[in-house]
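Given next are the chains, with one letter for each unit.
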Amino acid sequence: MRFYLLLSFFALGSLLSCGPSEGAGEEKQKRIAVIPKGTTHIFWKSIHAGSIKAANELGIEAIWQGPLKEDDRQMQIQVVQNFISQGVDGIVLAPLDSRALIAPVKAAQNRGIPVIIIDSGLEEDAYKSFIATNNLEGGKMCAKRLAELLGERGKVIMMRYMEGSASTTAREKGFMEAIQSYPEIEIISDNQFAGATMEKAFQASQNLLNRFPEVDGIFCPNESSTQGMLRALQTAGRTASVQFVGFDSNPTLIQALEKEEIKGLLVQDPFDMGYLGVKTMAEVLEGKEVANQIDTRVMMITPENMQEEEAQALLKPDIEAFVQ
């Protein structure tokens, strides 16, 4: 009898030790993993800030983790797998490879963890919602701007970003589709890749400028490729003679826009992308229906319109208020 009494005593103690934090009357805080392609560029820091703003408003936890560089597929896959093992409630992911991340996303879904994709797509519809810029249309807007600058004639280079990146591939496709409607514009190079870092982009840009000294206009499809090409043009003393249109922004690119070394930046709203990623995931976890695709805004910012209120809001998001 004493043995059974002792068992009953310890069982009661175990129940009481749960405490109020795990009681039936208190709901556990939701944990959402936010996984970017990389963590270096201002673009990703803006997404981080937006995700924190949404998490603060909704009373949930947003956990930020991703690879340092945007070409580290294995690291991003490992991050996704680690969050699956931790049993997070949801994952917001910007896949750096449209194919390589399919299996990890499906693995999350098989464990009952919903996934929202932001910025760059997957080649399979294995997610609750896709929140991104209309990258195809963004590329077309860049082609139109460059054609205007060139008076619809001249020799043009498009330097690609990196194989496997769905977002920049769509921008490149949109640019090529639109630029072909200008018969007096000749594409003299469209098959060279910048690589994942600004240093690699700088080297690739120097090679292109040396190989094609007759170039009149250039398009680059993301922040690092745009900055690498800018540096190459500055080094060669050719910012005045080459019309240059890029994608995304950071303080260096904004300064170049002010100096008219860059004549157009197609700027996204990464802050809103991060905000909507977490907000939409919270709705999924509440059992609400969400849109399969959500389009975030873009704006072609030029030296002429960059002081306008809308342009300034996109060029200088309030990152420091949320991310130190």
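Residues numbered from 1 in each chain as written. Predicted model: local features only at pLDDT ≥ 70, side-chain atom pairs only at ≥ 80, totals over all residues. Heavy atoms only, no water.

We now examine the packing of helix α5 (residues 135-149) against helix α6 (residues 166-179). At a minimum axis separation of 6 Å, α5 and α6 run at an interaxial angle of 45 degrees. Overall, the two elements α5 and α6 adopt an arrangement that is oblique. Seen along the crossing, α5 lies across α6 with a hand that is right-handed. Packed against α5, whose contacting residues are N135, L136, G139, K140, C142, A143 and L146, the element α6 presents S167, A170, R171, K173, G174, F175, E177, A178 and I179 at the interface. For the contact of α5 with α6, the per-class residue count stands at eight nonpolar, four polar and four charged. (Axes fitted to C-alpha atoms, helices over the stretch in contact; angles between N-to-C directions. Helix = DSSP H or I, 4+ residues; strand = E, 2+ residues; numbered from the N terminus. Parallel < 35°, antiparallel > 145°, perpendicular 65-115°, else oblique. Left-handed = near helix turned anticlockwise from the far one by under 90°. Contact = heavy atoms within 4.5 Å. Nonpolar A, V, L, I, M, F, W, Y, C, P; charged D, E, K, R; others polar.)

In this section: the packing of helix α8 (residues 223-236) against helix α9 (residues 251-258). Packing of α8 against α9 brings their axes to within 10 Å, and their N-to-C directions diverge by 50 degrees. The pairing of α8 with α9 is recorded here as oblique in orientation. The hand of the α8/α9 crossing is left-handed. Residue-level inspection shows E223, T226, Q227 and L230 of α8 in contact with α9, the latter providing T252, L253 and A256. Of the residues in the contact of α8 with α9, the class split is three nonpolar, three polar and one charged.

Now for the nonpolar core. Among the nonpolar cores identified, the biggest contains 32 residues, and I218, M229, F244, I262 and I301 are the most heavily contacted of them. The greatest single-element share of this core, amounting to five residues, is contributed by helix α7 (residues 198-211). The contacts of I301, once residues within four sequence positions are left out, are L257, G264, L265, V267, M306, A311, L314 and L315. Counting residues in hydrophobic clusters, the runner-up holds 23 residues, among them I35, I91, L93 and I102. (Core = buried A, V, L, I, M, F, W, Y, C linked by side-chain atoms within 4.5 Å. Buried < 20%, exposed > 50% of the residue type's maximum accessible area, 1.4 Å probe, protein only.)

Caution is warranted with low-pLDDT regions, since their predicted coordinates should not be read in detail. Summarising the model, the chain shows a mean pLDDT of 92, and 92% of its residues fall at 70 or more. Long-range and interchain partners of residues 1-25, a stretch whose pLDDT sits below 50, account for two contacts in this model, where long-range means more than four residues apart. (pLDDT = per-residue confidence, 0-100.)

So, on to unusual backbone geometry. A positive phi angle, close to 70 degrees, is found at D119, a residue other than glycine. Looking at the element boundaries, D119 is found in the loop between β4 (115-118) and β5 (129-133). A relative accessible area of 3% places D119 in the buried class. Backbone geometry places E260, a non-glycine residue, at a positive phi of 65 degrees. Along the polypeptide, E260 turns up in the loop between α9 and β10 (264-267). Since its relative accessible area comes to 42%, E260 is described here as partly exposed.

Right, let's get into the packing of aromatic side chains. Scanning the entire structure with this criterion turns up four aromatic pairs. Between Y127 and F130, the ring centres sit 6.2 Å apart and the planes meet at 55 degrees, which makes this aromatic pair tilted. The class of Y127 is buried, set by a relative accessible area of 15%. For the ring pair F175 and F219, a centre distance of 4.5 Å and an interplane angle of 15 degrees mean the geometry is stacked. With a gap of 44 residues between them, F175 in helix α6 and F219 in strand β8 (residues 217-219) connect regions that are remote in the sequence. F175 sits in the buried class, given a relative accessible area of 0%. We note R231 situated over the ring of F202; from NZ or CZ to the ring centre the distance is 3.8 Å. (Phe/Tyr/Trp six-rings, centres within 6.5 Å; stacked < 30°, edge-to-face > 60°. Lys NZ or Arg CZ within 6 Å of the ring centre and 35° of its normal.)

The six strands lie next to each other as β7-β6-β8-β9-β10-β12, forming an open sheet whose pairing is mixed. Each end of this open sheet is capped by a strand with a single partner; those strands are β7 (185-189) and β12 (299-301). The sheet shows a mean angle of 20 degrees between the axes of neighbouring strands, taken without regard to direction. Relative to β8, strand β6 (residues 154-158) is paired through three bridges, and the arrangement is parallel. Bridged to I157 within β8 is I218. (Pairing = 2+ DSSP bridges.)

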